[in-house]
Amino acid sequence: MGDMRSAESGRRHSHHTARRGGLYLATLLFVIFAALPFYVMLITTFKTQADIFTPSANPFWFSELPTLDNLRLLFGETQFVQWLLNTLYVGVAVVIITLALAVPAAYGLARIAGGWGETLGIGIFLSYLVPPTLLFIPFSKVIATLGLQNSLWALIVAYPTFTVPFCTWLLMGFFKGIPRDIEEQAMIDGHGRFSAFIHVVLPLAVPGLMTVVVFAFTLSTSEFIYALAFVTHSADKTISIAVPTELIRGDVYHWGPLLAGALIASIPVAVLYTFFIDQLVAGLTAVARN
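Report on the accompanying structure. Once a new chain begins, its residue numbering starts again from 1 and follows that chain's sequence as written. In keeping with the predicted nature of the model, local features appear solely for residues at pLDDT of at least 70, side-chain atom pairs appear and are counted solely at 80 or more, and the whole-chain, interface and lining totals rest on all residues. As a convention, hydrogens and water are excluded, and side-chain values are obtained from all of the structure's heavy atoms.

**Quick word on the overall build of the chain**
Next up, step 1: A run of DSSP states H or I qualifies as a helix once it reaches four residues; a run of E qualifies as a strand once it reaches two. Both are numbered from the N-terminal end. Per the secondary structure count, the chain includes 14 helices and two strands.
Next up, step 2: Between buried and exposed lies partly exposed: a residue is buried under 20% and exposed over 50% of the maximum accessible area for its type, with that area taken using a 1.4 Å probe on protein chains only. Across the 290 residues of the chain, 37% fall into the buried class.
Next up, step 3: Once local pairs closer than 6 in sequence are excluded, the contacts in the chain between residues at least 24 apart make up 74%.
Next up, step 4: Each accessible area is a Shrake-Rupley estimate made with a 1.4 Å probe; only the visible protein chains count as cover when residues are assessed. Summing over all exposed atoms, the chain offers an accessible surface of approximately 16400 Å²; the carbon and sulfur share of this is 70%. Throughout, a residue-residue contact means that at least one pair of heavy atoms, one from each residue, lies within 4.5 Å.

Here you go:
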């Protein structure tokens, strides 16, 4: 009897070890798949042109000595720093506008609007699903009428049209997850609705607000269609459009500087996700629950 129990325990242990090993293997393969593009960008950043274009060269390592020529070209012969500043300017402006519009709209629909607030919220979210390829032509007319062609303000005006609807819908779910009793208790203690919203609701909504910040910033800094349609002056371009248009000249592809620019531009987004991943997951989980 003891031998049977021992054999059964051994089988369970082997099965558990196999499952855990399979999980680790799947995780490792996913990490390699996700990290491989960044590794190739990093390697290519320091490769010589001959090393990049030689068919027999190893694409995952150096066949010749590393070089800094790609970075010299990127920073010395292009307006890369200006493009970074333009991207940061647009991203921060869009985040501020998105928060200023989405937070009160989401709170009003979740707390004040009543039964039709949910229907209106779904309608707002559906407007986010309209593809930009259908909107950039009429939007070009609006931008031209406002006199914002070839300026960063064209992007700052355009981007909230798709960040605000989604963020409003997202924050609606998060505000619904905050118990009304907490807000009502604050109002009983002497706070008005606005004061209770500022001092009680917003501190509890920090994960949702961080989710909005990450979403709006990454979407506005990586958008391509509007940036391509509205901005043609090199000095006014953002990274998403400047790197592929300024570093591909005719049929000449400057792969080293191009991938270096893409890698450098991806670092702030990676840092943003690294520092706010907990808040992002908490915000999306709260929306899923509601």
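**Quick look at the packing of aromatic side chains**
Next up, step 1: Two rings from Phe, Tyr or Trp (for Trp, the six-membered ring) form a pair when their centres sit within 6.5 Å of each other. Planes less than 30 degrees apart are called stacked, planes more than 60 degrees apart edge-to-face, and all others tilted. Evaluation of the coordinates by the stated rule reveals twelve aromatic pairs.
Next up, step 2: Relative to F175, the ring of Y107 lies with its centre 5.8 Å away and its plane at 90°, an arrangement referred to as edge-to-face. With Y107 in helix α4 (residues 80–112) and F175 in helix α8 (residues 160–176), the pair connects residues that are 68 residues apart, well separated along the chain.
Next up, step 3: With a relative accessible area of 7%, Y107 lands in the buried category.
Next up, step 4: Pairwise contacts between aromatic rings join F139, Y159, F162, Y226 and F230 into one cluster.

**Some points on the pattern of salt bridges**
Next up, step 1: One speaks of a salt bridge when a side-chain nitrogen belonging to Lys or Arg is within 4 Å of a carboxyl oxygen belonging to Asp or Glu. For the structure on display, the rule yields two salt bridges.
Next up, step 2: Across the salt bridge formed by R72 and D69, the nearest N and O atoms sit 2.6 Å from each other. Of this pair, R72 and D69 are both found in helix α3 (residues 69–76), three residues apart, which corresponds to roughly one turn of the helix.
Next up, step 3: For D69, a relative accessible area of 45% puts it in the partly exposed group.
Next up, step 4: As a salt-bridge pair, E246 and K237 come within 2.9 Å of each other at their nearest N and O atoms.

**Notes on the nonpolar core**
Next up, step 1: Core analysis: the biggest nonpolar cluster contains 21 residues, and V103, L171, F175, I178, F197 and V201 have the highest contact counts within it.
Next up, step 2: At seven residues, α8 tops the list of elements feeding residues into this core.
Next up, step 3: Apart from the residues within four sequence positions on either side, I178 is in contact with R111, V201, L204 and A205.
Next up, step 4: Within the second largest apolar cluster, 18 residues are counted, among which are I156, A158, A227 and V231. Residues grouped as a nonpolar core are buried Ala, Val, Leu, Ile, Met, Phe, Trp, Tyr and Cys residues, joined through side-chain atoms within 4.5 Å.

**Some thoughts on the packing of helix α9 (residues 180–188) against helix α10 (residues 193–204)**
Geometrically, a packed helix pair is captured by the angle between its two axes and the distance between the axes.
Next up, step 1: All axes here are fitted lines through C-alpha atoms, helices being fitted over the stretch that makes contact, and every angle between N-to-C directions spans 0 to 180 degrees. Between α9 and α10, whose axes approach to 9 Å, the crossing angle comes to 140°. Considering their axes alone, α9 and α10 lie oblique with respect to each other. Relative to α10, α9 is oriented so that their crossing is right-handed. Of α10, the residues touching α9 (which contributes I182, E183, A186 and M187) are R193, A196, V200, V201 and L204.
Next up, step 2: Side-chain classes follow a simple rule in which Ala, Val, Leu, Ile, Met, Phe, Trp, Tyr, Cys and Pro form the nonpolar group, Asp, Glu, Lys and Arg form the charged group, and the remainder, Gly included, forms the polar group. Considering only residue class, the contact of α9 with α10 consists of seven nonpolar, no polar and two charged. Roughly parallel covers angles under 35 degrees, roughly antiparallel covers those over 145, roughly perpendicular covers 65 to 115, and oblique covers all other angles. What makes a crossing left-handed is the near helix being turned counterclockwise from the far one by less than a right angle; a clockwise turn instead makes it right-handed.

**Describing the environment of I97**
Next up, step 1: Position of I97 relative to the elements: it lies in helix α4.
Next up, step 2: Placed 63 residues apart in sequence, I97 and P160 show a C-alpha to C-alpha distance of 7.0 Å.
Next up, step 3: Not counting chain neighbours up to four residues away, the residues in contact with I97 comprise I156 and P160.

**Details of the side chain of T221**
Next up, step 1: In this fold, T221 is placed in helix α11 (residues 206–222).
Next up, step 2: A distance of 2.7 Å separates a polar side-chain atom of T221 from the backbone oxygen of F217.
Next up, step 3: Identification of polar contacts relies on pairs of N or O atoms within 3.5 Å, with a donor-acceptor requirement for protein atoms, meaning one able to donate a hydrogen and the other able to accept it, and with residues adjacent in sequence counted only if both atoms are side-chain atoms. From its side chain, T221 meets the backbone oxygen of T218 in a polar contact 3.2 Å long.

**Describing the packing of α10 against α11**
Next up, step 1: At a minimum axis separation of 5 Å, α10 and α11 run at an interaxial angle of 70°. Taken together, the axis directions place α10 and α11 in an arrangement best described as roughly perpendicular. Counted together, L202, P203 and L204 of α10 and V206, P207 and L209 of α11 form the full contact between these two elements.
Next up, step 2: Residues of the contact of α10 with α11, tallied by class, amount to six nonpolar, no polar and no charged.

**Brief notes about the environment of T98**
Next up, step 1: Its place among the elements puts T98 in helix α4.
Next up, step 2: Residues T98 and P165, spaced 67 residues apart in sequence, show a C-alpha to C-alpha distance of 9.0 Å.
Next up, step 3: Ignoring anything within four residues of it in the chain, the contact list for T98 reads V103, T163, V164, C167, V212 and A216.
Next up, step 4: At a separation of 2.8 Å, a polar atom in the side chain of T98 contacts the side chain of T163.

**Description of the side chain of T44**
Next up, step 1: Tracing the chain through its elements places T44 in helix α1 (residues 2–45).
Next up, step 2: Residue classification places T44 among the buried positions, given a relative accessible area of 8%.
Next up, step 3: Setting aside residues no more than four positions away along its own chain, T44 makes contact with I52, N70, W255, G256 and L259.

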